[in-house]
Amino acid sequence: MQTRTDLIEDLMGRFPHVPREAVIKEDLLRGGMAFDDSALTDNEGGEVKPKSYFIFSFDHRTLPELGTAALRRPPEEIVLSGGPYGLRRTVVSVRVNPDSPYRVKDGGDGVLRLYLDDRPIADVGLPPMPEYYRHTLANGKSVMEVAPTIQWGYLIYLTVFRVCQYFGAKEECQYCDINHNWRQHKAAKRPYTGVKPVAEVLEAMEIIDRYDTLGASRAYTLTGGSVTSTVEGLGEADFYGRYAKAIEERFPGRWIGKVVAQALPKADVQRFHDYGIRIYHPNYEVWDKRLFELYCPGKERYVGREEWHRRILDSAEVFGPRNVIPNFVAGVEMAAPFGFTSVDEAIASTAEGLEFFMSRGITPRFTTWCPEPTTPLGRTNPQGAPLEYHIRLLEVYRATMEAHGLSSPPGYGPPGPGNAVFSVSSFMDSLPAEPDQAAQPA
């Protein structure tokens, strides 16, 4: 029987132009990792930044099924280096799976390592607790709850609306657990604010600005569930835009402002820009027409795939093509029962979408699909997509970018193996480093 080690080494050999770091990172993102109790954090009272559950669960089990990891959270991210594959510094978002063949544990010498098939393959670094997490808002709320940071501190992730108005089986995206993640945190009596008041966001940002003395935080993302009617009397553009307006008035130019929202009409998109947002992420989720209709039923019903794409192109006239960066969920193309059954077919479809956008100067990015167990696609596809799909996607992604003379998108930190901090896929690890870039310290 082929082991997971056999699989990754086979792919490293077959795809030598894809960094080895990306092969392991994609496998961890699609299948998760396990933690010995000794590798868990002491939550907000410890020395390690804990997992904040900033929008989705990104776990392969529900909170009640995680055992100790639900009480003593795992770290937000880990950084890999060294080992038998000579890994350069690689930042990986933590997705917990107690049954994973990858395990983070102390090898008996006080050093944390990543083990695969019971063999150490990398040293593991943990994110230090940032000073700003040690301070609370005046009302006692933690900065981690209101304005958590990810990507090794680069990005402030502002999920200002914790639920999605695409609700129920006939509207929710079939791979998305935003609504369940809200429910499980509330059931566990964890603090998990539904709509974050603007004043609280500003107060948290002020604490970050004061104590982030090295300037590690460089961007913020405003996001949350889709708004199909109103929230607090506001439509989507004005609801999310009011946070950007307040942040930019209070901290002009301190961070790059980004928003993840639906593909909205051009007038709404212009309002985002007027509020101070500089990067727009109108995520198209999956390229194939049939799969979009099946897997994103609410988006198909309220907007429709063709109109969604038209709005993405229109938004490039407002923000400039380089600053429109729609995400897709890499791997759902192969989700049973409706997805492609061969890697060749799935890659051909995704490549068509990349060509459509990149030929127009728009550079999509992707998140590696985590099959969360409370979602329809997660339940029927607990193993996710084949690792080969993810590795070949990295190849075609870079090749399409190069064919159109595009460079790494703004707002994601540095590109290149050993430099990238984007943690929920390997696309930045797989792009060439900028010429004047030195490898980042571990």
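Below is a summary of the structure that appears in this document.

Rules of the game
Residues numbered from 1 in each chain as written. Predicted model: local features only at pLDDT ≥ 70, side-chain atom pairs only at ≥ 80, totals over all residues. Heavy atoms only, no water. Helix = DSSP H or I, 4+ residues; strand = E, 2+ residues; numbered from the N terminus. Buried < 20%, exposed > 50% of the residue type's maximum accessible area, 1.4 Å probe, protein only. Contact = heavy atoms within 4.5 Å. Areas by Shrake-Rupley, 256 points an atom, 1.4 Å probe, with all protein chains shown as cover. Lys, Arg positive; Asp, Glu negative; His and termini not counted. Charge placed at Lys NZ, Arg CZ, Asp CG, Glu CD. Phe/Tyr/Trp six-rings, centres within 6.5 Å; stacked < 30°, edge-to-face > 60°. Lys NZ or Arg CZ within 6 Å of the ring centre and 35° of its normal. Axes fitted to C-alpha atoms, helices over the stretch in contact; angles between N-to-C directions. Parallel < 35°, antiparallel > 145°, perpendicular 65-115°, else oblique. Left-handed = near helix turned anticlockwise from the far one by under 90°. Nonpolar A, V, L, I, M, F, W, Y, C, P; charged D, E, K, R; others polar. Pairing = 2+ DSSP bridges. Salt bridge = Lys/Arg side-chain N within 4 Å of Asp/Glu carboxyl O. Core = buried A, V, L, I, M, F, W, Y, C linked by side-chain atoms within 4.5 Å.

## A word on the overall build of the chain
Part 1 of the reasoning: Check the secondary structure of the chain and you find 14 helices and 13 strands.
Part 2 of the reasoning: Reported as C-alpha extents along the three principal axes, the dimensions of the chain are approximately 55 × 50 × 45 Å.
Part 3 of the reasoning: The buried share of the chain, taken over its 442 residues, is 59%.
Part 4 of the reasoning: Counted over contacts in the chain with a minimum sequence separation of 6, partners at least 24 positions apart contribute 73%.
Part 5 of the reasoning: In the form shown here, the chain has an accessible surface area of approximately 16,400 Å², with 51% of it arising from carbon and sulfur atoms.
Part 6 of the reasoning: Computed over 49 positive and 58 negative side-chain charges, the separation of the two mean positions in the chain equals 3 Å.

## Comments concerning the packing of aromatic side chains
Part 1 of the reasoning: Inspection of every chain in the model, using the stated rule, returns 26 aromatic pairs.
Part 2 of the reasoning: Arranged with centres 5.3 Å apart and planes meeting at 70°, the rings of F251 and W255 form a pair that is edge-to-face. When sorted by exposure, F251 lands in the same class as W255, which is buried.
Part 3 of the reasoning: Every member of this aromatic cluster is reached through a ring pair, and the members are Y284, W287, F328, F356, F357, F366, Y397, Y412, F422 and F427.
Part 4 of the reasoning: In this structure, R162 packs its charged tip against the face of Y192, placed 3.6 Å from the ring centre.

## Considerations on the side chain of S423
Part 1 of the reasoning: In this fold, S423 is placed in the segment after α14 (387-403).
Part 2 of the reasoning: Accessibility expressed as a relative area gives 2% for S423, which makes it buried.
Part 3 of the reasoning: Apart from residues lying up to four places away in sequence, S423 is in contact with K25, L29, E77, V91, V92, S93 and Q151.

## Overview of the packing of helix α7 (residues 236-250) against helix α8 (residues 266-275)
Part 1 of the reasoning: Remark: α7 packs on α8, axes separated minimally by 8 Å, with the N-to-C direction vectors making an angle of 15°. As the angle between them shows, α7 and α8 are arranged roughly parallel. Taken as a pair, α7 and α8 cross one another with a handedness that is right-handed. In this structure, α7 uses E236, A237, D238, Y240, G241, A244, K245 and E248 to contact α8, whose residues at the interface are D268, R271, F272 and Y275.
Part 2 of the reasoning: Classifying every residue of the contact of α7 with α8 by side-chain character gives five nonpolar, one polar and six charged.

## A look at the sheet that holds strand β7 (residues 149-150)
Sheet strands pair by backbone hydrogen bonding; their relative direction is either parallel or antiparallel.
Part 1 of the reasoning: Read from one edge of the open sheet, five strands run β7-β8-β9-β10-β11, paired in mixed fashion. A single partner strand is all that each edge strand has here, and the edge strands are β7 and β11 (279-281).
Part 2 of the reasoning: Strand contacts of helix α6 (residues 198-211): β7, β8 (155-161) and β9 (219-224), with the helix running at about 170° to β8, the strand carrying the most contacts.

## Description of the pattern of salt bridges
Part 1 of the reasoning: One pass over the structure, following the stated rule, counts 34 salt bridges.
Part 2 of the reasoning: A salt bridge links R30 to D27, with the nearest nitrogen and oxygen atoms 2.7 Å apart. Of this pair, R30 and D27 both sit in helix α2 (residues 20-31), three residues apart, which is roughly one turn of that helix.
Part 3 of the reasoning: Of the charged contacts, one joins R301 and E171 as a salt bridge, the two residues approaching to 2.4 Å between their closest N and O atoms. Linking R301 in helix α10 (residues 297-302) with E171 in the loop between β8 and α5 (178-187), this pair joins segments that are 130 residues apart in sequence.
Part 4 of the reasoning: A relative accessible area of 60% means that R301 is categorised as exposed.
Part 5 of the reasoning: Residue E171 is classed as buried on the basis of its relative accessible area, which comes to 9%.
Part 6 of the reasoning: Taken together, the salt bridges that share partners define one network made up of D10, R14, D344, E388 and R392.

## Overview of the nonpolar core
Part 1 of the reasoning: Grouped together as the largest cluster of nonpolar side chains are 124 residues, with contacts concentrated most on I24, L80, L158, Y220 and F272.
Part 2 of the reasoning: Counting residues per element, this core draws most heavily on α14, at eight residues.
Part 3 of the reasoning: Those residues in contact with L80 that sit more than four places away from it in its chain are I24, L28, L87, R88, R89, T90, V92, L114, A122, D123 and V124.
Part 4 of the reasoning: Ranked by size, the runner-up nonpolar core spans 13 residues in total, among them F58, Y166, A219 and V421.

## A closer look at the environment of A420
Part 1 of the reasoning: Tracing the chain through its elements places A420 in the segment after α14.
Part 2 of the reasoning: Taking the C-alpha atoms as reference, A420 lies 17 Å from Y220; in sequence the two are 200 residues apart.
Part 3 of the reasoning: Contacts of A420, omitting those with residues within four sequence positions, involve R89, V91, P414, M428 and D429.

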